[in-house]
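Single-letter residue listing:
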Amino acid sequence: MTDRKDELGRNLAKVEERIAAACAAAGRRREEVTLIVVTKTYPAADVRMLSELGVRHVAENRDQDAAPKAAECADLPLTWHFVGQLQTNKVRSVVGYADFVQSVDRSKLVTALSKEAVRAGREVGCLIQVALDAGESARGERGGVAPGGIGELADLVAGAPGLRLEGLMTVAPLTGEFAGRELAAFERMMDLSTDLRRTHPAATMVSAGMSADLEQAVAAGATHVRVGTAVLGVRPGLG
Ligand SMILES: *Cc1c(COP(=O)(O)O)cnc(C)c1O
């Protein structure tokens, strides 16, 4: 085994232990939580090693990096999640490899995703990104729709050909009432998910929690955690 694969394996084992402990503490079964490894800024070679180590879900946030990486890894049994802010001119490319787009936050994006999914003959799983730091009507600084906008966007996705409404995604806010209160933020997400499932019972995914706060997300009830740094290491520069 290479040093890098060894390192990734050790990091994965630690993250796995954390998820298992958080599930046990919350009285949840381990199978209720899916680990998505965020591979942004890291090379295709790392993605390949992760796949060999048993990882099945990976996420990326920039199409420029993700598209060539996904192409290099097309032979691997991986599910690809797109989690970054998405411009409509990148939608055609993203639909080419992404099984899930977790950052759906405006109607224009839904229209573009639907059109390209139909064109490509693909079905794309969509999560509405929720900005818990936005007011009831504004949009978040890092993308996301305010809680008040979820219903309308969800209906739009559910009715769009080529798209499947899967649930909600959030990033713990750095500002506003939930700053520094990750557990409270994720509990609010669970309430929003409960509301959503009244009209869209199949939209069960709640994607929340990253390297620093996966325990709080699992405690609140998240179904998917998105972990980058804790598996791959601290990213050089911004990412
Ligand atoms: C980078 C990123 C993550 C992973 O963050 P880490 O702190 O490295 O675990 C999760 N979700 C989104 C949307 C990201 O952009």
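If you're wondering where the values come from, they're calculated on a predicted model, not measured in any experiment.

Chemist: Even after reading the chapter, I still don't get the pairing of strand β8 (residues 224-227), so can you show me in this structure?
Modeler: Side-chain direction in a regular strand flips from residue to residue, so the side chains alternate between the two faces of the sheet. The two faces of β8 match: His224 and Arg226 on one face and Val225 and Val227 on the other face are all buried. With 4 bridges connecting them, strand β1 (residues 34-38) and β8 associate as parallel partners. Considered in β8, the bridge of Leu35 is made with Val225.

Chemist: Explanation requested: the nonpolar core in the structure shown.
Modeler: When a protein is soluble and globular, its nonpolar side chains tend to lie buried together. Counting residues in hydrophobic clusters, the biggest one holds 71 residues, and the most contacted among them are Val101, Leu113, Leu163, Val225 and Val231. Broken down by element, this core gets its largest block of residues, 7 residues, from helix α7 (residues 182-199). Here Val231 is in contact with Leu8, Asn11, Leu12, Val15, Val37 and Leu50, once residues within four sequence places are set aside. Core analysis: the second largest hydrophobic core is formed by 8 residues, Val38, Ala59, Met169 and Met205 among them.

Chemist: Just checking my understanding: could you explain helix α1 (residues 3-26) for this structure?
Modeler: The α-helix winds at 3.6 residues per turn, so residues separated by three or four positions along the chain end up facing the same way. Between its first and last C-alpha, α1 extends 35 Å over 24 residues, near the 34 Å set by a 1.5 Å rise per residue. Every buried residue belonging to α1 is among Arg4, Lys5, Leu8, Asn11, Leu12, Val15, Ile19, Ala22 and Cys23, and all of these are buried. Where α1 is buried, its residues meet β1, α2 (44-52), α8 (214-220), β8 and α9 (229-232). At the C-terminal side of α1, Gly27 shows a positive phi close to 65°.

Rules behind the numbers
Residues numbered from 1 in each chain as written. Predicted model: local features only at pLDDT ≥ 70, side-chain atom pairs only at ≥ 80, totals over all residues. Heavy atoms only, no water. Buried < 20%, exposed > 50% of the residue type's maximum accessible area, 1.4 Å probe, protein only. Helix = DSSP H or I, 4+ residues; strand = E, 2+ residues; numbered from the N terminus. Pairing = 2+ DSSP bridges. Core = buried A, V, L, I, M, F, W, Y, C linked by side-chain atoms within 4.5 Å. Contact = heavy atoms within 4.5 Å. Expected span 1.5 Å × (residues − 1).

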